[in-house]
Each structure stands twice: as structure tokens, then as C-alpha cells.
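One letter stands for each residue in the lines below.
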Amino acid sequence: MSRPDATRLRAAKPGARITLAHGSGGKAMRDLVENVLVSHLVDPELSRMDDQARLDLAEFTARGDRLAMTTDSFVVDPLFFRGGDIGKLAVCGTVNDLAVGGATPLFLTCSLILEEGLEIALLESVVASIRDTATTAGVRVVTGDTKVVARGQADKLFINTAGVGVIAPGVDPRAKRIRAGDRVIVNGPVGDHGAAIADARGELGTEHDIASDCRPLNHLVDVMLKTCSDIRAMRDATRGGVATVLGEFAESAGACIRIDEAAVPLRDNVRGLCELLGLDPLYLANEGTLVAVVPPDAAQAVLAAMRRHEDGRESAIVGEVFDAPRGRVILETRFGGERIVDRLVGEQLPRIC
Amino acid sequence: MKYVDEFRDPAIARQLIREIRESLPRIDVARQRPLQLMEFCGGHTHTIFRYGIEQMLPGAIELVHGPGCPVCVLPMGRVDDCVALAERPGVIFTTFGDAMRVPGSKKSLLQARADGADVRMVYSPMDALGLARDNPDRQVIFFALGFETTMPSTALTVLAAEREDIENFSIFCNHITTVPTIKAILDSPDMQLDGFVAPGHVSMVVGERPFQFIAKDYGKPIVISGFEPLDILQGVWMLVKQLADKRCEVENQYARVVRPAGNSAGLDAIHRVYELREFFEWRGLGSIDHSGVRIRDAYARFDAERKFSVPNLRIADPRACQCGEVLKGVIRPWQCKVFGGACTPETPMGALMVSSEGACAAYYNFGNLDELLQRRDSPDGVRFDRGST
């Protein structure tokens with residue numbers, strides 16, 4: 001990868017802001033794209049400044065026999081939070097959606113919708129974060145777009161990313177393949193992202209010590225698939241949390257998933273926040289947490305491999321699949337009771353008292 | 001986690017359940033039909049479902065989930081009033097989170113926000129007062145809701161607004177009272193309750209005395225309980241002991257929080273700011289005398305009902321709803337004609353489907369009853385082997 005001409009890298013003037021001129025198609029827009037986006041993201045495909053990226057088929061066919069493609073949009077408030085920012089999120093979200101489908105993510109697109117008045121320096125740090133996260137994940141941002149909307153028509157910055165990856169022969173994680181006896185594994189504490197966002201909004205007067213789990217999962221998934229290519233199903237537990245993923249699994253597979261509450265990893269500070277607000281961490285969003293269902297004879301090996309990887313140190317087997325009652329998720333509570341874990345209606349709202 | 005896990009110890013739970021089971025044969029009525037014990041408070045209902053306490057108890061004990069969920073029992077007309085206030089130009093309407101979704105006759109506050117009203121979720125009335133301070137050109141209204149538990153914080157906020165002379169702040173008062181409501185349930189002819197788990201946080205404010213009449217005049221044992229699962233189990237255990245010993249009194253399981261005389265500072269604030277309404281309309285239970293409070297004349301300028309014109313229309317509950325019978329324990333939630341069909345958490349018709357604390361929503365969300373009740377007599381259930389992780 002060649003770096004662009006260093007003389008063209010110009011830092012934004014302090015306090016400079018996005019204006020409608022940056023979306024006009026003229027010189028201001030070209031400057032913005034060249035100086036803020038292309039110069040940070042550094043990719044030969046981007047630097048050509050064509051209207052499309054052109055990708056060599058050989059790179060795909062060498063790695064697998066199917067393409068995977070996905071897209072996701074990111075509208076988080078606040079833009080920066082402990083453990084991440086909207087840029088990191090935009091890369092992780094799409095990379096993870098590809099990875100949990102068994103694909104090796106390779107290329108991303110990145111579209112930015114900018115609100116008039118956004119500080120250019122802030123945009124630059126988001127773009128730098130996109131670059132760093134893409135580097136960590138080993139993916140290339142090969143094409144992009146910017147639009148500017150008038151003040152009030154968007155909230156500072158929205159990002160859309162799309163991604164393409166390749167699936168190796170024989171790998172086919174999907175919920176329908178789940179069957180009785182399979183084990184359920186998560187790769188770490190649940191609810192960190194949702195709790196970090198609630199914390200960062202500053203409405204709670206809490207101490208802001210909860211960090212998002214936002215991270216790319218493709219390297220971890222790679223290790224898991226190398227240990228067991230027959231992983232039945234995987235999903236990253238984003239909106240709606242682990243509970244929602246389990247509900248979707250149980251429903252698609254027509255099976256029952258029983259979860260042991262005491263086995264589910266949960267940080268004390270997240271648990272404390274949930275206790276305070278009457279929220280259920282199983283429904284809180286994650287951005288670097290996956291749920292995998294694996295055949296029983298491979299469960300211990302997959303778990304051990306995950307724990308050796310830095311994104312899976314706190315992995316745990318949290319449950320098992322049974323035949324009945326079909327389509328249900330049952331939680332065995334720490335207290336010794338059990339309850340059905342159902343889909344959430346709307347968002348979780350803090351309780352009055 | 002300290003101060004949490006101590007109250008969720010499964011070994012102590014098993015011991016309490018064993019002792020409850022052993023006491024049951026000594027209770028005459030329990031030999032003919034299941035004992036019906038009402039937990040009044042929505043917070044208790046939430047804990048019971050969240051930890052699966054109902055399935056842990058022997059089948060001879062039925063928990064009846066009472067009307068103590070302030071979000072649930074709010075009549076549609078009051079929600080319409082909220083929406084009307086929220087939609088006034090220049091108003092910032094502030095509310096606790098779980099009141100946002102309660103349906104009015106036309107829309108909820110969540111829908112009003114989507115339609116353009118400035119509705120904001122707050123965690124405390126003091127946050128609403130802060131908004132008023134920060135937005136002097138806007139009228140900030142706080143949707144005050146809840147039993148005696150939340151009354152003092154609203155009252156103290158009104159007193160603070162007066163002290164600071166904040167003109168653009170008012171509250172829409174929907175506070176309701178516990179004791180007249182329990183009395184209305186006890187007076188209802190189809191009532192067949194055998195005892196009460198009384199609300200711990202209401203009692204923290206009002207003390208033990210207001211509940212004496214339940215034991216003395218109605219002959220029903222009552223135990224004030226906390227909100228952790230062991231608190232509730234111990235509360236049930238104490239009720240069962242009273243019934244087995246043929247005692248009938250007010251007992252306090254939640255002594256670590258509830259003092260016999262309550263909280264005098266909280267009570268002072270309540271008496272300074274509020275007076276009883278002659279009656280208040282409840283969803284599911286109809287009108288109950290003296291079951292609500294309003295702001296006293298001295299603080300009228302902080303009373304949204306007087307400051308703005310509020311439509312104040314009465315909207316009847318949907319006729320098919322059987323919330324009242326469920327609340328009194330006459331039928332179980334799933335026996336209601338519309339449960340799970342016309343009435344679901346997505347499209348609630350009745351009070352009890354509205355909030356996660358409502359009995360019907362809790363049953364709907366947390367349990368398919370056939371499945372769970374079948375397990376009840378084999379409390380060990382199916383446990384899985386997690387291997388040597």
C-alpha cells in the first residue's frame with residue numbers, strides 16, 4: 001500500500017466546521033474528501049478517487065467458495081464513549097456481521113452523513129478511528145461517500161458501512177443447524193456496550209467507569225472455526241443483547257435453549273448499573289460479544305481456544321440446547337428458580353421504583 | 001456483589017421453601033384450596049417473575065399480583081391529559097421512563113414525542129427542576145406518579161422550586177395512596193385473599209401503623225417485605241407461619257429499611273405539599289375514595305392542573321378487560337378473555353399488560369404457564385451439566 005503524497009496532508013484549522021459547501025460537489029468537498037478521508041484511510045483503491053473500487057476476483061477465490069455481504073448504519077449518541085466511538089463501531093459492526101456468518105471480512109465501504117456545523121477536527125478523529133480499527137481487523141476501506149445535510153437534519157454524524165467477505169468451503173453457521181445437546185458459548189461479559197452508552201450519556205450521575213466491549217471479532221472467529229469448522233451457529237449480540245440472539249436461535253431451530261444465569265459472565269459495574277435501573281443485562285447491547293452454538297463434543301476445545309485468544313479470555317459455556325419446549329429460552333436463575341426469556345417489546349425503560 | 005448476593009442465596013431459599021412446605025398442613029384452608037397471598041407492590045411482582053419465585057413455591061400457594069404498579073393503574077384519561085400537556089407549545093414534558101409507553105385513548109407519550117412533542121425521560125423530579133432552571137423560556141412539567149414511595153421526592157422538588165422561585169416549573173400530580181386501595185380490595189365481595197405481602201418502600205415512608213387495620217379489622221395477616229428474592233420468600237414464610245400459628249398481625253420483614261413510625265422527614269414533606277383528593281380513578285379498579293392526592297392551594301402555582309387547562313376526560317376501560325378480577329385474585333391473568341389475544345404487551349388493552357410490573361405482562365413475558373406450572377412439583381427441574389469449565 002503506498003502512502004499518498006505527504007505534502008497534501010493538511011490538518012484542519014482549529015475550530016473549522018462542516019458547511020453546506022462541503023457537500024456541494026465543488027472544491028470544498030474535494031478538499032474534505034482528500035484531506036480528511038483519503039489521507040487518513042490510505043488505501044490505493046480510495047486514492048484513485050474513482051466512483052467505485054475494483055477488486056481482483058482471485059483474492060476471493062483463493063479464500064473460499066462463497067461471498068458474504070452485509071451493511072449497517074450507525075447513529076450512536078454520544079459519538080465518543082469509553083471504549084470506542086462511532087468510527088470504531090462502524091467498522092466493528094460490519095466486520096462482526098460478516099465474521100459470525102463464517103466469512104473472512106476483506107473490504108468495507110464507508111458513507112458519512114455530516115450535519116452542517118460538525119467540527120472537522122472531530123470528524124478527523126472519527127476517521128482516524130475507522131482507519132485504526134480497520135487495520136486491527138485486517139480489512140480495507142476501499143470506497144466511500146460523504147453527504148452534508150443542513151443543521152438539524154441529522155445528529156452530527158451518521159455512518160453507513162457495507163462489507164464483503166469470503167466464506168471457506170464447508171463452513172456454514174446458521175441457526176437452523178442447532179440441535180439438542182449443543183452447547184452455548186459467549187466470549188465475554190455481557191451488556192458492556194449498552195451500559196457504557198447509558199453511562200456516557202451522563203443522565204445518571206454515575207461515575208463513568210464502564211467501557212464498551214466494541215471490538216472486531218473476526219480474528220477470534222477465525223480461531224474458533226479452525227478448532228471446529230462445524231460450529232452450528234454464531235451471532236454477535238448487538239441490539240437486544242444476548243437474550244434476543246438466543247430467542248432467534250431457539251425459534252429458528254425449533255428447540256429450547258436453557259441458560260444458567262450464574263454462568264453468564266457479567267462485570268460488577270454493569271451489574272450494579274442494571275440493579276440500580278431495573279434493567280436486564282441479557283437485553284443490553286454489545287458490540288464485541290458473540291453467542292456461538294457448538295456441537296457438544298467440540299465445546300471444550302472451542303472454549304479453550306477462545307480463552308487463549310485476547311478477545312475471548314472470559315469466554316464461558318452458558319447453556320445447552322434441548323428439544324422442548326420448542327422455540328423457548330429458559331433461564332435458570334442464580335436464585336434457583338427459572339423463567340422464560342422472551343423478546344423485548346420496544347426498548348428497556350428504567351422502572352419508577 | 002456485596003449487599004446483593006447475600007439476599008439471593010439459593011441455599012437459604014431452599015431452606016425457606018422446605019419450611020413453608022412443612023407448615024402448610026397446619027393451615028386449615030390450605031387443605032381445601034390454594035392459599036392466596038397478595039403482593040401489593042409492582043416491585044415485588046417484578047422480583048417474583050425475574051427470579052422465578054412462583055414456580056419455586058409449593059402448588060398450595062398462589063401469589064396474587066396486586067395493583068401496586070403505578071404505571072399500570074393509571075387511567076387512559078390521565079394519559080390523555082399528559083399528552084395534551086406535552087403537546088402544548090413551549091412545554092418540556094418530563095417523565096419516568098416506564099410511563100412513556102402507557103397507552104392513552106389516542107396515543108402514548110412515546111407516540112406524542114414522535115409527533116413532535118418535547119417529552120424527556122428523567123430519573124428524578126430534581127432533574128426536571130434542573131431542566132426548568134436551564135430553560136427559563138420553556139414551561140417544564142414533571143409527570144408525578146407513584147405511591148407514597150415517590151411522593152416525598154416530588155414534594156421536596158416542589159418545595160425547592162418554591163424556595164428558588166422557579167416560575168416555569170410545575171407538576172402533573174398523579175400520586176396515589178396505598179391504604180385506601182387495599183381497603184377497597186378487602187371490601188370487594190369476591191375477595192378471597194388469605195394474607196398480604198405489604199410494600200416495603202411505601203412502608204419505609206409511612207411506617208407500619210397504617211396497615212394495622214388489615215390485621216385488626218379484616219383478620220388478614222400482613223408482612224412488610226423487601227424487594228430481594230430472599231426478602232419475598234421470607235415474607236411468604238412469615239405469612240405462612242402466622243396462618244399456621246393462627247396469628248394475625250403486622251410483621252416487618254424489611255426491618256433493615258422500614259422503621260415502625262416511617263420516615264418523618266418524608267411524611268412532613270407529603271403533608272406540607274399534598275392533600276387527599278375525594279376520589280381518584282384507577283384503571284381496572286374504577287373510582288376509589290381518597291386514593292389520590294393533589295397539590296395544596298399554597299403551592300397551586302406549581303400544579304400543572306391549575307396552571308394549564310387539562311382536558312380531564314374520563315375514558316372508560318375497554319369492556320372486555322378483566323383487570324379488576326385479576327387484581328383481586330378472582331381469576332388468574334391467563335384466565336382473562338383477552339389475555340395474549342387482543343391484549344399483549346405490544347398492544348395492551350388493560351392495565352396489567354402495560355408495564356413489565358403488571359401481572360399480565362409479567363406472565364406474558366416471563367412464562368408460558370402450562371410449561372412452568374407443570375414443573376412446579378419437580379422443583380429440581382432439568383439441570384444441565386456444564387462440564388468442567
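Residues numbered from 1 in each chain as written. Chains lettered and ligands numbered in written order. Predicted model: local features only at pLDDT ≥ 70, side-chain atom pairs only at ≥ 80, totals over all residues.

What follows is about the overall build of chain A. Within chain A, the regular secondary structure consists of ten helices and 13 strands. Taking 20 Å as the expected radius of gyration for a compact globule of 353 residues, we find that chain A reaches 21 Å, a close match to that expectation. With the principal axes as the frame, chain A shows a C-alpha extent of 65 × 55 × 30 Å. Buried residues in chain A amount to 51% of all 353 residues. Considering only contacts within chain A whose residues lie at least 6 apart along the sequence, 86% involve residues at least 24 apart. (Helix = DSSP H or I, 4+ residues; strand = E, 2+ residues; numbered from the N terminus. Rg over C-alpha atoms; globule rule 2.2 N^0.38 Å. Buried ≥ 20, exposed ≤ 12 C-beta atoms within 10 Å, placed from the backbone. Contact = placed C-beta atoms within 7 Å.)

This brings us to the packing of helix α8 (residues 151-164) of chain B against helix α13 (residues 264-273) of chain B. Residue and element names in this part refer to chain B. Relative to each other, α8 and α13 sit at 60°, their axes nearing to 8 Å. Relative to α13, the element α8 lies oblique. For the element pair α8 and α13, the recorded crossing hand is left-handed. Counted together, Met151, Pro152, Ala155, Leu156, Val158 and Leu159 of α8 and Gly266, Ala269, Ile270, Arg272 and Val273 of α13 form the full contact between these two elements. (Axes fitted to C-alpha atoms, helices over the stretch in contact; angles between N-to-C directions. Parallel < 35°, antiparallel > 145°, perpendicular 65-115°, else oblique. Left-handed = near helix turned anticlockwise from the far one by under 90°.)

What follows deals with the pairing of strand β10 (residues 290-294) of chain A. Residue and element names in this part refer to chain A. Counting buried positions along β10 gives five out of five residues, so the element sits mostly inside the fold. The alternating pattern of β10 places Leu290, Ala292 and Val294 on one face and Val291 and Val293 on the opposite face, and all of these are buried. Sheet analysis places strand β7 (residues 183-186) next to β10, joined by four bridges and oriented antiparallel. When the sheet's bridge partners are listed, Val184 is paired in β10 with Val293. Here four bridges tie strand β8 (residues 233-236) to β10, and the two strands are oriented antiparallel to one another. Note that in β10 the partner of Arg235 across the bridge is Val291. (Pairing = 2+ DSSP bridges.)

A few words on the environment of B:Ala342. Residues and elements named next belong to chain B. Along the polypeptide, Ala342 turns up in the loop between α15 (323-327) and α16 (359-366). Sequence spacing of Ala342 and Cys321 is 21 residues, and the spatial spacing of their C-alpha atoms is 9.7 Å. When sequence neighbours within four positions are dropped, the list of residues in contact with Ala342 reads Ala320 and Met349.

Either a parallel or an antiparallel arrangement is found when strands of a sheet pair, and the pairing is made through backbone hydrogen bonds. Residues and elements named next belong to chain A. Taken together, the four strands give an open sheet; going across it, the order is β1-β6-β4-β5, and neighbouring strands pair in mixed fashion. In this open sheet, the two edge strands, each paired with only one partner strand, are β1 (66-74) and β5 (140-149). Going across the sheet, the axis of each strand differs from the next one's by a mean of 15°, ignoring polarity. Sheet topology places strand β4 (residues 103-115) next to strand β6 (residues 157-167); eleven bridges connect them, and they run antiparallel. Within the sheet, the bridge partner assigned to Pro105 lies in β6 and is Gly165. Most of the contacts of helix α4 (residues 86-99) go to β6, to which it runs at about 30°, and overall it touches β1, β4 and β6.

Okay, the sheet that holds strand β3 (residues 91-95) of chain B next. All names here are of chain B. One open sheet accounts for four strands, arranged β4-β3-β5-β6; its pairing is parallel. Both outer strands of the open sheet, β4 (118-121) and β6 (169-175), are each paired with one neighbouring strand and no more. Averaged over neighbouring strand pairs, the angle between their axes works out to 25° when direction is ignored. As paired elements, β3 and β4 share four bridges and run parallel to each other. For Thr95, the partnering residue across the bridge sits in β4 and is Met121. On top of the sheet, helix α7 (residues 125-134) reaches β3, β5 (139-146) and β6; it is set at about 175° to β5, its chief contact. Against the sheet, α8 engages β5 and β6, with an angle of about 160° to β6.

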